Amino acid sequence: MSLTAAQTPAGQPEYGDAQYPFHITKEEERQLRLRGAEAAPSLVIGQATSFDEYARQLMIPPAVMDLARKAEDLRLSAWEIEAMRKHLAPATAPGEKVGLLRQILVEKYNHDKTHPPYIRVACTGRGDYDHLAAEHGHLHPHDHPKGDIGSPVVLEIWPAQHYSPIHSHGHTTGIVFCLAGQLDVMVYEHLDWDARKLGLLTLTPGQCAWLSRDNYAVHRVYCPMDGGGGTTGPGYMNASADFGASFHVYLNPEQTGVEDEDGDSYSRDSFNYIDEESKEQRPFATESDLSWSILRRVLANTPLT
């Protein structure tokens with residue numbers, strides 16, 4: 001597969017000085033970061049450095065803290081990160097072959113240009129684009145069942161300047177643990193295009209955000225690293241190999257001992273999001289793009305020199 005290095009600008013930002021993906025001004029960003037730093041319960045799980053920070057983390061549900069403790073030593077190795085960069089890199093000339101991750105990005109971009117694509121890797125089961133690894137000799141062309149639905153544990157790869165729509169997580173309890181790069185997370189009061197923004201935080205490797213049915217269940221994730229030019233927004237595809245990576249865990253209510261039927265989605269099989277163009281709420285099945293077993297085999301066989 002060959003692709004050019006060109007990437008598509010997103011056009012003019014909305015709302016005067018406010019820009020994608022959060023549609024806020026620099027002053028609003030400053031205020032939202034201050035609000036996020038003072039939120040109770042704390043938006044971020046980490047080593048407390050003050051009494052009030054300790055108290056705000058003490059308010060985080062025990063089920064969430066248990067997930068965070070189990071994830072705190074997770075890391076991507078240096079060679080895994082470098083191999084991912086190689087597979088995310090765009091072509092530098094017409095006809096040049098690109099890596100598996102860039103191929104998946106292009107497939108997703110061609111399917112949906114309402115927001116820049118990111119990659120969801122199931123740590124169990126299969127992914128919708130596992131078949132693209134067949135050309136690398138890691139998967140038989142006919143061995144391609146449907147992508148894993150509702151995987152409880154996923155790795156998400158965020159190319160620089162790409163972002164998610166505003167989305168909810170039903171009644172699940174979970175964590176977003178940063179493994180590589182840098183990620184900005186905006187938390188919203190509820191699932192609506194004009195919902196009140198509760199706070200903005202930045203995650204670096206080893207830091208953890210979280211969510212539950214009652215707290216911080218709606219957010220948008222964005223990788224603010226260098227995308228190689230252009231303005232992020234709908235129709236954007238970056239032109240760099242920079243990326244952020246995060247480890248996500250989603251537990252259904254019966255796995256945390258908290259159940260309350262109210263007709264809302266409370267399974268990780270399906271979440272809801274706000275469409276970037278219509279500004280309306282839509283459901284999406286939480287299928288994965290790739291399986292970790294396939295990705296790691298591809299990374300292990302990627303020349304780094």
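Focus: the packing of aromatic side chains
By the definition in use, this model includes 6 aromatic pairs. Centroid distance W210 to Y216: 5.2 Å. Interplanar angle 75°. Geometry classified as edge-to-face. Judged by its relative accessible area of 3%, W210 falls in the buried class. Relative to F284, the ring of Y273 lies with its centre 5.8 Å away and its plane at 70°, an arrangement referred to as edge-to-face. One end of the pair, Y273, is in strand β11 (residues 270-274); the other, F284, is in strand β12 (residues 281-285), with 11 residues separating them in the sequence. Looking at Y273, the relative accessible area reads 18%, which means it is buried. Clustering of aromatic rings is evident, with ring pairs tying together Y250, F271, Y273 and F284. Against the face of Y118 rests K108, its NZ or CZ located 5.4 Å from the ring centre. Note that K279 overlies the ring of W193, its terminal NZ or CZ placed 4.6 Å from the centroid.

Here we look at the pattern of salt bridges
Summed over the entire model, instances satisfying the criterion amount to 14 salt bridges. Residue E156 is joined to R120 by a salt bridge in which the shortest nitrogen-to-oxygen separation is 3.3 Å. One end of the pair, E156, is in strand β3 (residues 153-159); the other, R120, is in strand β2 (residues 119-122), and 36 residues separate them in sequence. For the salt bridge of E280 with R282, the shortest nitrogen-to-oxygen distance reads 3.8 Å. Classification of R282 as partly exposed rests on a relative accessible area of 33%. What you see here is one network of salt bridges that share partners, running through E29, R33 and D184.

Some words on the packing of helix α4 (residues 78-88) against helix α5 (residues 100-111)
Packing of α4 against α5 leaves a shortest axis separation of 5 Å and a crossing angle of 45°. For the element pair α4 / α5, the angle class is oblique. Counted together, M84, H87 and L88 of α4 and L100, L101, R102 and L105 of α5 form the full contact between these two elements. Along the lines of polarity and charge, the residues of the contact of α4 with α5 split into 5 nonpolar, 1 polar and 1 charged.

Overview of the nonpolar core
Counting residues in hydrophobic clusters, the biggest one holds 57 residues, and the most contacted among them are M84, I157 and L295. What M84 contacts, discounting residues up to four positions off in sequence, is L76, L101, L155, I157, F243, W292, L295 and L299. The next biggest cluster of nonpolar side chains, apart from the first, holds 15 residues, and it includes I24, Y163, Y188 and Y222.

Looking at α5
Residue pairs three or four apart in sequence face the same way in an α-helix, which turns once every 3.6 residues. Across its 12 residues, α5 extends 17 Å between first and last C-alpha, which sits within 8% of the 16 Å expected from 1.5 Å per residue. For α5, the full list of buried residues reads L100, L101, R102, Q103, I104, L105, V106 and Y109. Among the structural elements, α4, β2, β3, β13 (290-291) and α6 (292-300) are those in contact with the buried residues of α5.

Some details on the pairing of strand β10 (residues 243-251)
A large share of β10 lies buried, amounting to 9 of its 9 residues. Every second residue of β10 is oriented toward a common face, with F243, A245, F247, V249 and L251 on one face and G244, S246, H248 and Y250 on the other, all of them buried. As paired elements, β3 and β10 share 7 bridges and run antiparallel to each other. Each residue of the ladder has a partner; that of I157, found in β10, is A245.

Overview of the sheet that holds β2
Hydrogen bonds between backbone groups are what pair the strands of a sheet, and the pairing can be parallel or antiparallel. An order of β1-β8-β5-β10-β3-β2-β13 is seen for the 7 strands of this open sheet, with the pairing classed as mixed. Each edge of the open sheet carries a strand with a single partner, namely β1 (44-45) and β13. Looking at chain direction, strand β5 (residues 173-180) and β10 are connected through 7 bridges and run antiparallel. Across the sheet, residue I175 finds its bridge partner in β10, namely V249.

A short note on unusual backbone geometry
In the segment running from Y20 into P21, the intervening peptide bond is cis, with an omega of 0°. When you line up the elements, P21 lands in the segment before α1 (26-37). Backbone torsion omega between A40 and P41 reads 0°, so that peptide bond is classified as cis. Here P41 is to be found in the loop between α1 and β1. The phi dihedral of K279 falls on the positive side, at around 65°, and the residue is not glycine. As for its position among the elements, K279 is in the loop between β11 and β12.

Reading the values: the criteria
- Residues numbered from 1 in each chain as written.
- Predicted model: local features only at pLDDT ≥ 70, side-chain atom pairs only at ≥ 80, totals over all residues.
- Heavy atoms only, no water.
- Phe/Tyr/Trp six-rings, centres within 6.5 Å; stacked < 30°, edge-to-face > 60°.
- Buried < 20%, exposed > 50% of the residue type's maximum accessible area, 1.4 Å probe, protein only.
- Helix = DSSP H or I, 4+ residues; strand = E, 2+ residues; numbered from the N terminus.
- Lys NZ or Arg CZ within 6 Å of the ring centre and 35° of its normal.
- Salt bridge = Lys/Arg side-chain N within 4 Å of Asp/Glu carboxyl O.
- Axes fitted to C-alpha atoms, helices over the stretch in contact; angles between N-to-C directions.
- Parallel < 35°, antiparallel > 145°, perpendicular 65-115°, else oblique.
- Contact = heavy atoms within 4.5 Å.
- Nonpolar A, V, L, I, M, F, W, Y, C, P; charged D, E, K, R; others polar.
- Core = buried A, V, L, I, M, F, W, Y, C linked by side-chain atoms within 4.5 Å.
- Expected span 1.5 Å × (residues − 1).
- Pairing = 2+ DSSP bridges.

Purely spatial values, then, with no claim about function.
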